[in-house]
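Below, each chain spelled out in residue letters.
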Amino acid sequence: MIRSIQIKTAIFLALAIFTGASRAEEADSSAKPVAEAARLAGDAVRTRFVMDLVEPVDFAISTLADPYRVIIDLPETRFDFGEDAGKDGRGLVSAWRYGRFARGKSRIVLDAVEPVTVDKSFILPPVDDQPARLVLDLVKTTREAFLEGVSRPEASAHTVTKGDKLTAKQASSRPLIVIDPGHGGIDTGATGRGGTLEKQVALDFSSLLKRKLEETGRYDVEMTRDSDVFIPLKNRVEIARSLEADLFISVHADSVRVGKNEVRGASVYTLSEKASDAVAAELAERENRSDIIAGVHLEDEQSEVADILIDLARRETKKFSIFFARTLVDELKSAARVIKNPHRSAGFRVLEAHDMPSALVELGYLSNRLDEKLLTSDEWRERMSTSLVAAVDRFFRPRLVRNGAVSSAETAR
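Nothing here was measured: the structure is a model prediction, and the numbers come from that model.

J.: Is there a simple way to think about unusual backbone geometry in this case?
T.: Generally, phi is negative for residues other than glycine and the peptide bonds are trans, each holding for most cases. The omega angle of the peptide bond from Asp 66 to Pro 67 is 5°, so this bond is cis rather than trans. Within the element layout of this structure, Asp 66 appears in the loop between strand 3 (60-64) and strand 4 (69-75). Classification of Asp 66 by relative accessible area gives exposed; the value is 53%.

J.: I tried to follow the packing of helix 5 (residues 198-215) against helix 12 (residues 378-395) on my own but got confused; where do I start?
T.: Packed helices, taken two at a time, are described by the angle their axes make and the gap between the axes. Axis separation between helix 5 and helix 12 bottoms out at 9 Å; the angle between their running directions is 50°. Between helix 5 and helix 12, the angle falls in the class oblique. For the pair helix 5 and helix 12, the crossing hand works out as right-handed. Of the residues in helix 12, those in contact with Asp 204, Phe 205, Leu 208, Leu 209, Lys 212 and Leu 213 of helix 5 are Arg 381, Glu 382, Met 384, Ser 385, Thr 386, Leu 388, Val 389 and Val 392. Per-class residue counts for the contact of helix 5 with helix 12 are eight nonpolar, two polar and four charged.

J.: Where do I start with the sheet that holds strand 3 in this structure?
T.: Sheets are built from strands that pair by backbone hydrogen bonding, the pairs being arranged parallel or antiparallel. With respect to topology, four strands assemble into an open sheet ordered 3-4-7-6, the strand pairing being antiparallel. Two strands lie at the open edges of the sheet, namely strand 3 and strand 6 (93-102), each paired on one side alone. Taken over all neighbouring pairs, the strand axes of this sheet differ in orientation by 20° on average, direction set aside.

J.: Whenever I open this one, the sheet that holds strand 2 (residues 46-53) confuses me. Can you help?
T.: The mixed open sheet is built from five strands, whose spatial order is 5-1-2-9-8. Each end of this open sheet is capped by a strand with a single partner; those strands are strand 5 (78-79) and strand 8 (116-124). Here two bridges tie strand 1 (residues 34-42) to strand 5, and the two strands are oriented parallel to one another. Of the residues in strand 5, the one forming a bridge with Ala 35 is Phe 79.

J.: Even after reading the chapter, I still don't get the packing of aromatic side chains, so can you show me in this structure?
T.: What the rule picks out here adds up to 11 aromatic pairs. Ring geometry for Trp 96 against Tyr 98: centres 5.9 Å apart, planes inclined by 40°, an arrangement best described as tilted. Assessed through its relative accessible area of 5%, Trp 96 is described here as buried. Both rings, one in Phe 324 and one in Phe 395, keep their centres 5.4 Å apart while their planes meet at 75°; by these two values the pair is edge-to-face. Here the residue Phe 324 occupies a position in helix 10 (residues 316-333), and Phe 395 occupies one in helix 12, the gap between them amounting to 71 residues. Neither Phe 324 nor Phe 395 differs from the other in exposure class; each is buried. Site record: aromatic cluster; members linked through ring pairs are Phe 49, Phe 79, Phe 81, Trp 96 and Tyr 98.

J.: Would you explain the confidence of the model for the protein in this entry?
T.: Low-confidence regions, as indicated by low pLDDT, have predicted coordinates that should not be scrutinised in detail. Summary statistics for the protein give a mean pLDDT of 76 and a share of 71% for residues scoring 70 or more. Here helix 3 (residues 153-156) stands out as the least confident element of the protein, with mean pLDDT 36; helix 5 is the most confident, with 96. Predicted confidence is poor over residues 1-29, with pLDDT under 50, and the contacts of this stretch with residues over four places away or in other chains come to one contact. Confidence over residues 152-171 falls short of pLDDT 50; this stretch has 44 contacts with residues more than four positions distant or in other chains.

J.: Is there a simple way to think about the pattern of salt bridges in this case?
T.: Following the criterion strictly, the structure yields 28 salt bridges and no others. Between Asp 137 and Arg 48 there is a salt bridge, with its nearest N and O atoms 2.6 Å apart. Placement of Asp 137 in strand 9 (residues 132-140) and of Arg 48 in strand 2 is noted, with a sequence separation of 89 residues between them. Both residues of the pair, Asp 137 and Arg 48, belong to the buried class. The shortest N-O distance in the salt bridge between Glu 222 and Lys 120 comes to 3.1 Å. With Glu 222 in strand 11 (residues 220-223) and Lys 120 in strand 8, the pair connects residues that are 102 residues apart, well separated along the chain. The pair Glu 222 / Lys 120 is uniform in exposure class, with both members buried. A single salt-bridge network, built from bridges that share partners, covers Arg 46, Arg 48, Asp 119, Lys 120, Asp 137, Arg 174, Asp 220 and Glu 222.

J.: Quick question: what am I supposed to make of the side chain of Asp 137 here?
T.: The buried category is assigned to Asp 137, whose relative accessible area is 0%. Here Arg 48 takes part through its side chain, which lies 2.6 Å from a polar atom of the side chain of Asp 137. When near neighbours in sequence (up to four residues on either side) are disregarded, Asp 137 contacts Arg 46, Thr 47, Arg 48, Thr 117, Val 118, Asp 119, Lys 120 and Glu 222.

J.: For this particular structure, what's the right way to read helix 5?
T.: Each α-helix turn comprises 3.6 residues. Residues three or four places apart therefore point the same way. Relative to the 26 Å expected for 18 residues at 1.5 Å per residue, helix 5 spans 26 Å between its end C-alpha atoms, a close match to the ideal helical length. The buried fraction of helix 5 is high, at 13 of 18 residues. Gly 217 occupies a position one or two residues after helix 5 and carries a positive phi of about 75°.

The rules behind each value
Residues numbered from 1 in each chain as written. Predicted model: local features only at pLDDT ≥ 70, side-chain atom pairs only at ≥ 80, totals over all residues. Heavy atoms only, no water. Helix = DSSP H or I, 4+ residues; strand = E, 2+ residues; numbered from the N terminus. Buried < 20%, exposed > 50% of the residue type's maximum accessible area, 1.4 Å probe, protein only. Axes fitted to C-alpha atoms, helices over the stretch in contact; angles between N-to-C directions. Parallel < 35°, antiparallel > 145°, perpendicular 65-115°, else oblique. Left-handed = near helix turned anticlockwise from the far one by under 90°. Contact = heavy atoms within 4.5 Å. Nonpolar A, V, L, I, M, F, W, Y, C, P; charged D, E, K, R; others polar. Pairing = 2+ DSSP bridges. Phe/Tyr/Trp six-rings, centres within 6.5 Å; stacked < 30°, edge-to-face > 60°. pLDDT = per-residue confidence, 0-100. Salt bridge = Lys/Arg side-chain N within 4 Å of Asp/Glu carboxyl O. Polar contact = N/O pair within 3.5 Å; in protein donor to acceptor, adjacent residues only side chain to side chain. Expected span 1.5 Å × (residues − 1).

Okay, structure coming up:
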């Protein structure tokens, strides 16, 4: 009888401990960071690993050789991936795997097909209904360079907080350019007479411009969106500022109601408290309404934005923005038609950052049939993007020469 009681007591205690442990594990699991999805993009020249997170996390990067691997260490994370996640490779990565590495730690291992180096790694903060994202860019390197990184793992370790740029970028002498494809998602922007959507024109051109800038090897380039999603205007600026961008370029395609057959050509806008003309004022008001379309209310921030605009007007950043805009207009004139007085100014919310040179490029008028045709032409986009790259080169010429990225003769025109 006593033995029976002892056995029952032992079973009861075991069940209590098991139940308590299960509840503790369940509570602990709910407190862990959550990774919702992950994917590879790019090609054998540059491969990008992107992981969607419910919220930003700290992470560290290291490498291992023979075979070549890139390691991403995270706090213990719950991976809500599909069963096939990581089995298929792309570009420089043959496959990848993930899981709990140790108590309180999780790890992702990317299997590289050849020696690689981490060109960029950073966390993008969550934007509207878009999750936070961990982004890792891999490019080719030599075996010697890879092994040197393995021997000095501390040099490859990066810890980040929400919206912070990693030491990898801080150590880079390359200027960082953020391209902002206008509109997106529910906000289609202007619609051409043939049905062309501004949001798609802006994304297609921005993607081409990003590729051409990266091909120079002189710049690091990011985009505020790389798919058809809505991003509030303020968040576009916050993304660029969190990356400590050296230049912000917002890409759009305008439209007009009056003079559809006559008004056409490219233009460049910079920020100003007072619009340069009625057309610029109307355009800024229309672009600023993008937030209202998706239900983002602007009234609560009017005084704050006004203060920023006034502050920007008296800061040196405005001078750099104007210099870039004028440089860009000069280059565009040689490649395409521009409107009368192509450099204009108005109170665009997307250009409000006080510490980052910014310009808004209107590629043309979708309301004009000829411009609409050109905006979807590969040949025209090639010319326009080449002109923008040339303008960026001229803008950063002193820095590029100083850092040895180019000779003064290379950027002289």
